[in-house]
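# Report on the structure
Below, each chain spelled out in residue letters.
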Amino acid sequence: MEKILLTERNSVEATLAAKSRWQHSLRTAVRSGIELCRRLDLPPEAVSPSAEKDFPVFVPEEYLQRIRPGDLTDPLLRQVLPAPDETLPGGQLDPVGDLQVQRTAGMLQKYAGRALVITTGACAIHCRYCFRRHFPYSQVAVGPATWAHWMDQLQADPSIDEVILSGGDPLSLVDGQLQRLLAAIDAVPTVRRIRIHTRFPVVIPSRVTEELIELLRASRAAVYCVLHVNHGQEIDDAVRAAIVGIRRSGAVLLNQSVLLRGVNDDVEVLASLNRELVDMGVLPYYLHQLDPVRGALHFEVGDDRAREIWNELVRQLPGYAVPRLVREVPGEPSKTPL
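Quick summary incoming for the structure in this document. Residue numbers here run from 1 along each chain, matching the order of that chain's written sequence. Only residues with pLDDT of at least 70 are given local features in this predicted model, and only at 80 or more are side-chain atom pairs given and counted; all residues enter the totals for whole chains, interfaces and linings. Side-chain calculation: all heavy atoms of the structure are included, whereas hydrogens and water are not.

## Topic: the overall build of the protein
The secondary structure listing takes helices from DSSP runs of H or I that are at least 4 residues long and strands from runs of E that are at least 2 residues long, numbered from the N terminus. Looking only at helices and strands, the protein has 12 helices and 10 strands in total. Here the globule rule is a power law, 2.2 Å times the number of residues to the power 0.38, and the radius of gyration is based on C-alpha atoms. Since a compact globule built from 338 residues should have a radius of gyration of about 20 Å, the 20 Å found for the protein is in line with a globular shape. With respect to the three principal axes, the spread of C-alpha positions in the protein is 60 × 55 × 45 Å. A total of 338 residues make up the protein; the buried ones form 51% of that total. Restricting to contacts in the protein with at least 6 residues of sequence separation, those with at least 24 account for 81%. Note that accessible areas follow from Shrake-Rupley with a 1.4 Å probe, and for residues the cover is restricted to the protein chains shown. Approximately 15100 Å² of the protein is accessible, and the part contributed by carbon and sulfur atoms is 54%. We count Lys and Arg on the positive side and Asp and Glu on the negative side, and we leave His and both chain ends out. Here the site of a charge means atom NZ of a Lys, CZ of an Arg, CG of an Asp or CD of a Glu. Within the protein, the 42 negative side-chain charges are centred at a point lying 3 Å from the centre of the 38 positive side-chain charges. The cut-offs for exposure are 20% and 50% of the maximum accessible area for each residue type, with area from a 1.4 Å probe on protein chains only; residues under the lower value are buried, those over the upper are exposed, and the others partly exposed. The contact criterion used is simple: two residues touch if any of their non-hydrogen atoms lie within 4.5 Å.

Right under this line is the structure:
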């Protein structure tokens, strides 16, 4: 009996450890440009203190391990390093016009039939090209009271049949919070689809726990999970396992990439990425042109070059493996194809 109890206790402890592993990753993430350089054997002058002050560093260990030490051109490093180029003039604080389309605090509506909710300001990682790097998250008091206002809006407008969970990253919410939010949305009968935009399965794949899988499986509304993978180097065995887990929930998996100079502005890089995605059951959705946010213009790829890359992808890949090349233009009724 004692041996059985010990085995059960070990099993419970292992389950609890698995559930909290992703939170430990958040707590121990690298939060300093100098520390990032030290860990990756890079010169400290590679970091711009003013760029870091404008948008803090946040890189979890799992992502850090996929970056090649000593290589300032590494495509994953370029996405997280606060480089001197970020201090170049130009760019906008709200490049996609979020603040002009708020229905109520934290709920945006840009397109017909869809509402987007800012579930949290927290992310799995700080991407230097993030279009919401200057968003005033402190003005959105996310919590049950805010959620109640969102539900009022959804109940009052039956034309909204899809709710998009964004942020920050909605999977920053712990399972209990996420369950309550999903259940509240699910209780609005006119909502037929719930879309979750997340970087967690790629950056901290341990976030995809059995509890999360069951949460997604339990939804009445169809669940679409939109990943954000920019480069094949971001995908390792743990990421593949996380994607398998989400597929087990029954959610539809899509991917959107941002076209970034020095990261993935290369036909072979994108072709390889999209082949691997479809092999895993993830459909390429969008290839975004950069949103011109202040601090990220050094990532911009010209439209002519973007079209050249996309046209070559069309020649190399089956149609279902080619994402749509688009730009978001504030005030337009949909993404603008290029």
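Now, onward.
## With respect to the pairing of strand 5 (residues 193–197)
Across the 5 residues that make up strand 5, a large majority, 4, are buried. Pairs of strands are assigned from DSSP output, requiring at least two bridges between the strands. The sheet contact formed by strand 5 and strand 6 (residues 222–227) spans 5 bridges and is parallel. Along strand 6, the bridge assignment pairs R195 with Y224.

## Looking at the sheet that holds strand 1 (residues 102–104)
The strands that make up a sheet pair up through hydrogen bonds in the backbone, lying either parallel or antiparallel. The strand order 1-2-3-4-5-6-7-8-9-10 describes an open sheet built from 10 strands, whose pairing is mixed. Strands at the two margins of the open sheet, each flanked by one partner only, are strand 1 and strand 10 (336–337). Where helices are involved, their axes are fitted lines through C-alpha atoms of the stretch in contact, as for all axes, and angles between N-to-C directions lie from 0 to 180°. Strands in contact with helix 6 (residues 144–156) are strand 1, strand 2 (107–108), strand 3 (114–118) and strand 4 (162–166); relative to strand 1, the strand with the most contacts, it is inclined by about 105 degrees.

## Some points on the environment of P144
By secondary structure assignment, the location of P144 is in helix 6. Distance in space between the C-alpha atoms of P144 and R192 is 22 Å, their sequence separation being 48 residues.

## Some details on the packing of helix 11 (residues 267–279) against helix 12 (residues 303–316)
At a minimum axis distance of 10 Å, the contact between helix 11 and helix 12 shows a crossing angle of 45 degrees. Overall, the two elements helix 11 and helix 12 adopt an arrangement that is oblique. Considering only the axes of helix 11 and helix 12, their crossing is right-handed. On helix 12, the residues that touch V267, E268, L270, A271 and R275 of helix 11 are I309, E312, L313 and Q316. Any angle between 65 and 115 degrees counts as roughly perpendicular, while under 35 counts as roughly parallel, over 145 as roughly antiparallel, and the rest as oblique. A clockwise turn of the near helix away from the far one marks a right-handed crossing, whereas an anticlockwise turn of less than a right angle marks a left-handed crossing.

Everything listed is a geometric property; what it means functionally is a separate question.
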